[in-house]
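Survey of secondary and tertiary structure
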Amino acid sequence: MSMLLVWPILLPMLTAITTVLCRAKVGAAHWMALVGAALHLSAAVALLAAVIEGQILVAHMGNWPAPFGIVLVADYFSAVMVLITAVIHSAVMVYSRSDIESDLVRAGYYVFMQILAGAVCGAFLTGDLFNLYVWFEVMLMASFGLLVMGRRVSQLTGGIKYVTLNLVSTLLFLAAIGLIYGMTGTLNMADLHAKVALVPQPALVTAAAMLLMVAFGIKAALFPLFFWLPASYPTLPAAVAAFFSGLLSKVGVYAMIRMFTLVFTTDTGVTHHAILFGVAGFTMLFGVVSAAAQMEMRRILSFHIISQIGYMILGLSLLTPLALAGAIIYLLHNILAKANLFLASGLVRQATGSFHLERAGGLYKNNGWVSIGFLVSALALAGMPPLSGFWAKLLVIRATLESHHYAMAILAAVVGLLTLFSMIKIWAEVFWKPAPAPKDPGGKASVGGQVSAWMLAPVLVLAGITLVLGLCMEPVIRFAEIAAGQLLDPRAYVTAVLGGTP
Amino acid sequence: MEGVLALLVGLVFAAAIYLMLSGVLVRFVFGFALASNAVNLLIFTAGRLAHDRPPLISVGQEVLSEPAANALPQALILTAIVIGFAMLTFLLVLLYRTYAETGTLNADDPRLMDEMQEDDTRGTHPPERGAA
């Protein structure tokens, strides 16, 4: 039973090892990555199925009992995050087959992607704070490799911002771990839940919590710590950008939700209702306003990652069952929609030869399927009913209203409108506008460019999932409510990990 | 002893932050190296200091007799040192490549600021690329 928790981490890692061995044979590496992603997906489905049977799964690594050894824990929230990781991983692997050039494959593209996928699952499943730090580092290292792989100048300069700010974040994370260990003598999250309340100086706990909040805030690209994101993401190949935008910053959000529901709930007046609440508002606003000023597709999308994360943090900051359920649905919907938009931007690039709104055009006339794939995700992102984003926004805004934060609810609705504005801007420029004449006559014909079926298929599948998710929201909301219940009342989690001594 | 070490951690952190904020990326590397050492020292100090008392269970006893040195922070530090070393190496190589390509490591230099200067129509990847 406990191996179910290990497979989603182990399978991508094993695939990474086998891909290293045959990375010179590009065709073999493609297939191996596809098989690895399929295995990953099946492991994630098996895990979620086991968790839905009504229990919190715990695996004690090396059979060390809980507070001493490292544990892997899967509750509803973790399991569904692992599943969505595997879905995006699979989609990106299919997409990479055409999008990623042989040079990058030979340089180890698939190796880094598999390690990244395994590390993200590790971060979602671990029940130990120091182990979370290690997974963060594994993720960082793999993402560093992917970030600078093309070795264009813009990738290097964007990479420096990503690398330096993320290194600062890991230092703060580690410092917080040191302080927490000094105060409580444990780093097991379930154990911390009880021990943090016993610390004689609660102010010190809040200080360590703030350190962690800044560390995770840098990862999650919260206001005012988001500057690295729009500098580095637009320089990546579309497949990598989709994976990063879908999952990397969301790991920061996940870690924040986990730590600030399970451990740091002693001083919610300061940490949640004051700081996270304010930060959420600013994050939404700054992200969406900055996006409105951009004219390059990937830069617009990058700024929207930031504004969307504001909604999730808003859900966390309210700390009511409805708000947390909203935040969880928002996470799921946003990972799907955002990754798909980046994948679609790669298709736009392939069909028109440009990411720039002014130089692209005519896609609706020439590539109907690309347009459908983009439109579904873009409208979901903006929160049009009946797509998934509408329900996610509805839950978060309703929870905000129920907590009597009317100004914040209005802000959240306005940010949704501005998101729609940006998406319509892309739609009007890239899809509706007739294709502009190529500037240099020798340049490749940009009109009616064919797109690869390997790249189109995952975009349509992800758009389909977004659509189905929106149309059949009832079971998803029920699922998210159970997940939020588990987060808000961690007794079951603590009992499962520590074995009956909460 | 804890007091002295705590002061030292603060001092090293201050120096590291000063270096990191100086705007020159090479100094950022030094700042990062200093700061990771400061964090390691912080974990070490927070894990309670016990001088000259190895965590060994004496003959005939079942459990460790207090006070003894805490082995766990040292394991944590060891992990952190290894990871920090890898990060530092990567950072150095990245800066070297960046310097080779742009000719500057001054964070305020426009060559480092303007990440979208190249035309995207040139292709997602450059046509020619070196071996390593």
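Scoring rules and cut-offs
Residues numbered from 1 in each chain as written. Chains lettered and ligands numbered in written order. Predicted model: local features only at pLDDT ≥ 70, side-chain atom pairs only at ≥ 80, totals over all residues. Helix = DSSP H or I, 4+ residues; strand = E, 2+ residues; numbered from the N terminus. Rg over C-alpha atoms; globule rule 2.2 N^0.38 Å. Buried ≥ 20, exposed ≤ 12 C-beta atoms within 10 Å, placed from the backbone. Contact = placed C-beta atoms within 7 Å. pLDDT = per-residue confidence, 0-100. Core = buried A, V, L, I, M, F, W, Y, C linked by C-beta atoms within 7 Å. Nonpolar A, V, L, I, M, F, W, Y, C, P; charged D, E, K, R; others polar. Axes fitted to C-alpha atoms, helices over the stretch in contact; angles between N-to-C directions. Parallel < 35°, antiparallel > 145°, perpendicular 65-115°, else oblique. Left-handed = near helix turned anticlockwise from the far one by under 90°. Expected span 1.5 Å × (residues − 1). Pairing = 2+ DSSP bridges.

So, on to the overall build of chain A. Counting its secondary structure elements, chain A contains 21 helices and two strands. Relative to the globule expectation of 23 Å for 502 residues, the C-alpha radius of gyration of chain A, 22 Å, shows essentially globular dimensions. Projected onto the principal axes, the alpha-carbon positions of chain A cover approximately 75 × 55 × 40 Å. In chain A, which comprises 502 residues, the share counted as buried stands at 64%. Considering only contacts in chain A between residues 6 or more positions apart, those separated by 24 or more positions represent 79%.

Further remarks concern the overall build of chain B. Within chain B, the secondary structure is distributed over four helices and zero strands. Secondary structure elements of chain B occur, N-terminal to C-terminal, as α-α-α-α. Expressed as a percentage of the 132 residues in chain B, the buried residues total 24%. Counting only contacts in chain B whose residues sit at least 6 apart along the sequence, the fraction spanning at least 24 positions is 52%.

All names here are of chain B. Across chain B, pLDDT averages 80, with 86% of residues at or above 70. The secondary-structure element of chain B with the lowest mean pLDDT is helix α4 (residues 110-113), recorded at 74, while helix α1 (residues 2-20) shows the highest, at 92. Among the prediction metrics, the complex's ipTM stands at 0.85, with pTM recorded as 0.90.

Looking now at the nonpolar core. If you look at the biggest cluster of nonpolar residues, it comprises 241 residues, and the most contacted ones within it are Met139, Ala176, Phe243, Ile328 and Val396 of chain A. Ranked by the residues each element gives to this core, the list is headed by helix α14 (residues 321-352) of chain A, at 21 residues.

Right, let's get into the confidence of the model for chain A. With 97% of its residues at a pLDDT of at least 70, chain A reaches an overall mean of 87. Taken element by element, the predicted model of chain A shows its lowest mean pLDDT in helix α15 (residues 363-366) of chain A (78) and its highest in helix α5 (residues 109-125) of chain A (93).

The subject of this paragraph is the interface of chain A and chain B. Facing the 39 residues of chain A at the interface are 34 residues of chain B. Among the secondary structure elements, those contributing two or more residues to the side of chain A that touches chain B are α6 (129-147) and α7 (153-184) of chain A. Among the elements that make up the side of chain A that touches chain B, the one with the highest residue count is α7 of chain A (17 residues). In the side of chain A that touches chain B, the residues fall into 19 nonpolar, twelve polar and eight charged.

Residues and elements named next belong to chain A. Looking at where Gly54 falls in the secondary structure, it is placed in the loop between α2 (26-52) and β1 (57-60). According to the C-beta neighbour criterion, Gly54 is exposed, with 8 such atoms within 10 Å. Considering only alpha carbons, one finds Gly54 and Tyr76, 22 residues apart in sequence, at a separation of 9.0 Å.

Take the packing of α14 of chain A against helix α19 (residues 453-471) of chain A next. Residues and elements named next belong to chain A. At a closest axis distance of 9 Å, the pairing of α14 and α19 adopts a crossing angle of 150°. It follows that α14 is roughly antiparallel to α19 by the angle criterion. As for how α14 packs across α19, the hand of that crossing is left-handed. Here His333, Leu336, Ala337, Ala339, Asn340, Leu343, Ala344, Gly346, Leu347 and Gln350 of α14 come into contact with α19, specifically with Met455, Leu456, Pro458, Val459, Leu462, Ala463, Ile465, Thr466 and Leu469. When grouped by side-chain class, the residues that make up the contact of α14 with α19 number 14 nonpolar, five polar and no charged.

Residues and elements named next belong to chain A. The geometry of helix α17 (residues 388-402) relative to α19 is characterised by a closest axis approach of 7 Å and an angle of 50° between their N-to-C directions. On the basis of the axis angle, α17 is oblique to α19. Of the residues in α19, those touching α17 at Ser388, Phe390 and Trp391 are Thr466, Leu469 and Gly470. A breakdown of the residues in the contact of α17 with α19 according to their chemical character gives three nonpolar, three polar and no charged.

We now examine α5 of chain A. For α5 of chain A, with 17 residues, the first-to-last C-alpha span of 25 Å sits near the 24 Å given by 1.5 Å per residue. Among the 17 residues in α5 of chain A, 17 count as buried, and that is most of the element.

Before going further, it helps to examine the environment of Arg298 of chain A. Residues and elements named next belong to chain A. The residue Arg298 is located in helix α13 (residues 297-318) in this model. Of the residues examined, Arg298 has 25 C-beta atoms within 10 Å and is grouped as buried. With 229 residues separating them along the chain, Arg298 and Gly69 place their C-alpha atoms 43 Å apart.

Let us look at the pairing of strand β2 (residues 71-74) of chain A. Residue and element names in this part refer to chain A. Burial along β2 is two-sided: Val71 and Val73 facing one way and Leu72 and Ala74 facing the other are all buried. Pairing geometry for β1 and β2, over four bridges, is antiparallel. Counterpart to Leu57 in the pairing with β2 is Ala74.

Attention now goes to unusual backbone geometry. All names here are of chain A. Cis geometry is found at the peptide bond from Phe223 to Pro224, where omega equals -5°. Secondary-structure assignment places Pro224 in the loop between α9 (202-220) and α10 (228-232). Here Pro385 and Pro386 are connected by a cis peptide whose omega angle stands at 5°. Here Pro386 lies in the loop between α16 (368-382) and α17. In this structure, Asn63 takes a positive phi of about 60° despite not being glycine. Here Asn63 lies in the loop between β1 and β2. A positive phi angle, close to 60°, is found at Leu319, a residue other than glycine. Positionally, Leu319 belongs in the loop between α13 and α14. By the C-beta count within 10 Å, which is 23 here, Leu319 ends up buried.

Before going further, it helps to examine the environment of Ala463 of chain A. All names here are of chain A. Residue placement: Ala463 occurs in helix α19. Taking the C-alpha atoms as reference points, Ala463 and Ser377, separated by 86 residues in sequence, lie 5.9 Å from one another. For Ala463, the residues in contact, after removing those within four places along its chain, are Asn340, Ile372, Gly373, Val376 and Ser377.

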